[in-house]
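Below, each chain spelled out in residue letters.
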Amino acid sequence: MTDDAYLFLLDDVSSSLGVAPTAVGDLACMETPAVRGWLDAHGITRTSPRLRLLPPEETAAIPEGAERLPVPLSDEETSRLRHQLVPEPLARIEEELLSYRDCADGRDGLIGRALAAGVPPHRIAELTGVDPATVTAAADG
């Protein structure tokens, strides 16, 4: 697995693979000469429906032969990208997990609901800032 996210080009714009970079918000990498040059070389803009982005752990899903470019993302950018990839019911729970960082009321209940909904423990730890051992204990309890 790589530490970089990947920009890539889809042949079939009806595919749901990846996320349009514009949906993630401002990304520092989109302003780099490497990305601008890559987009120019392929004759596309940053708003092209063919342009998609995947986080490091999902890059194996990029179709073989697809044009791709590794791009570094900050932790916050990567978190926003991952959030765009989750289905709506999980996205709502992830929003609650993110807001949890500011309060501790109902922690175990929220973690339990997130686990029951299918949010992976490592993602819960990332979103809440809770120690992974605490999430694992909540899963076991």
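Relevant structure appears above.
Notes on the structure follow. (Residues numbered from 1 in each chain as written. Predicted model: local features only at pLDDT ≥ 70, side-chain atom pairs only at ≥ 80, totals over all residues. Heavy atoms only, no water.)

### Notes on the pairing of strand E3 (residues 68–71)
Residues Leu-69 and Val-71 of E3 are buried on one face, while the alternating residues Arg-68 and Pro-70, pointing to the opposite face, are not. Sheet topology places strand E1 (residues 5–9) next to E3; four bridges connect them, and they run antiparallel. Within E3, the position partnered with Phe-8 by the bridge is Arg-68. (Buried < 20%, exposed > 50% of the residue type's maximum accessible area, 1.4 Å probe, protein only. Helix = DSSP H or I, 4+ residues; strand = E, 2+ residues; numbered from the N terminus. Pairing = 2+ DSSP bridges.)

### Topic: the packing of helix H3 (residues 75–85) against helix H6 (residues 121–128)
Close contact between H3 and H6 brings their axes to 12 Å; oriented N to C, the two are set at 130°. One finds that H3 runs oblique with respect to H6. Pair H3 / H6 crosses with left-handed handedness. Residue-level contacts link Ser-79, Arg-82 and His-83 of H3 to Arg-123, Glu-126 and Leu-127 of H6. Grouping the amino acids of the contact of H3 with H6 by side-chain chemistry returns one nonpolar, two polar and three charged. (Axes fitted to C-alpha atoms, helices over the stretch in contact; angles between N-to-C directions. Parallel < 35°, antiparallel > 145°, perpendicular 65-115°, else oblique. Left-handed = near helix turned anticlockwise from the far one by under 90°. Contact = heavy atoms within 4.5 Å. Nonpolar A, V, L, I, M, F, W, Y, C, P; charged D, E, K, R; others polar.)

### Description of the sheet that holds E3
Pairing is antiparallel in the open sheet, where three strands are placed in the order E2-E1-E3. Edge positions in the sheet fall to strand E2 (51–54) and E3, since each has one partner strand and no second. Pairs of neighbouring strands in the sheet enclose a mean axial angle of 25°, with direction left out of account.

### Observations concerning the packing of helix H5 (residues 107–117) against helix H7 (residues 132–140)
The contact between H5 and H7 brings their axes to 9 Å, and the two run at 75°. Viewed along their axes, H5 and H7 adopt a mutual orientation that is roughly perpendicular. Residue-level contacts link Arg-107, Ile-111 and Leu-115 of H5 to Thr-134, Val-135, Ala-138 and Ala-139 of H7. Across the contact of H5 with H7, the residue classes tally to five nonpolar, one polar and one charged.

### Looking at the nonpolar core
Grouped together as the largest cluster of nonpolar side chains are 18 residues, with contacts concentrated most on Leu-7, Met-30, Leu-51, Leu-53, Val-71 and Leu-73. Breaking this core down by element, the ones donating at least two residues are E1, helix H2 (33–41), E2 and E3. If you look at the next biggest cluster of nonpolar residues, it comprises twelve residues, including Leu-90, Leu-97, Ala-114 and Val-119. (Core = buried A, V, L, I, M, F, W, Y, C linked by side-chain atoms within 4.5 Å.)

### Thoughts on the environment of Ile-124
Along the chain, the position of Ile-124 falls in helix H6. The sequence separation of Ile-124 and Thr-136 amounts to twelve residues, and the corresponding C-alpha distance is 10.0 Å.

### Topic: H5
The complete set of buried residues in H5 reads Leu-110, Ile-111 and Ala-114. What you see down the axis of H5 is that its buried residues fit within an arc of 95°, all on one side. Remark: Gly-118 follows H5 within two positions and exhibits a positive phi of approximately 105°. (Arc of directions from axis to C-beta.)

### A word on the pattern of salt bridges
Within the structure shown, the criterion is met by six salt bridges. Between Asp-11 and Arg-50 there is a salt bridge; the shortest N-O distance is 3.8 Å. One end of the pair, Asp-11, is in the loop between E1 and helix H1 (21–24); the other, Arg-50, is in the loop between H2 and E2, and 39 residues separate them in sequence. Classification of Asp-11 by relative accessible area gives exposed; the value is 76%. Among the residues examined, Arg-50 registers a relative accessible area of 29% and is labelled partly exposed. Residue Glu-126 is joined to Arg-123 by a salt bridge in which the shortest nitrogen-to-oxygen separation is 2.7 Å. One end of the pair, Glu-126, and the other, Arg-123, are both in helix H6, three residues apart, so they sit about a helical turn from each other. Taking relative accessible area as the criterion, Arg-123 reaches 5% and is therefore assigned buried. (Salt bridge = Lys/Arg side-chain N within 4 Å of Asp/Glu carboxyl O.)

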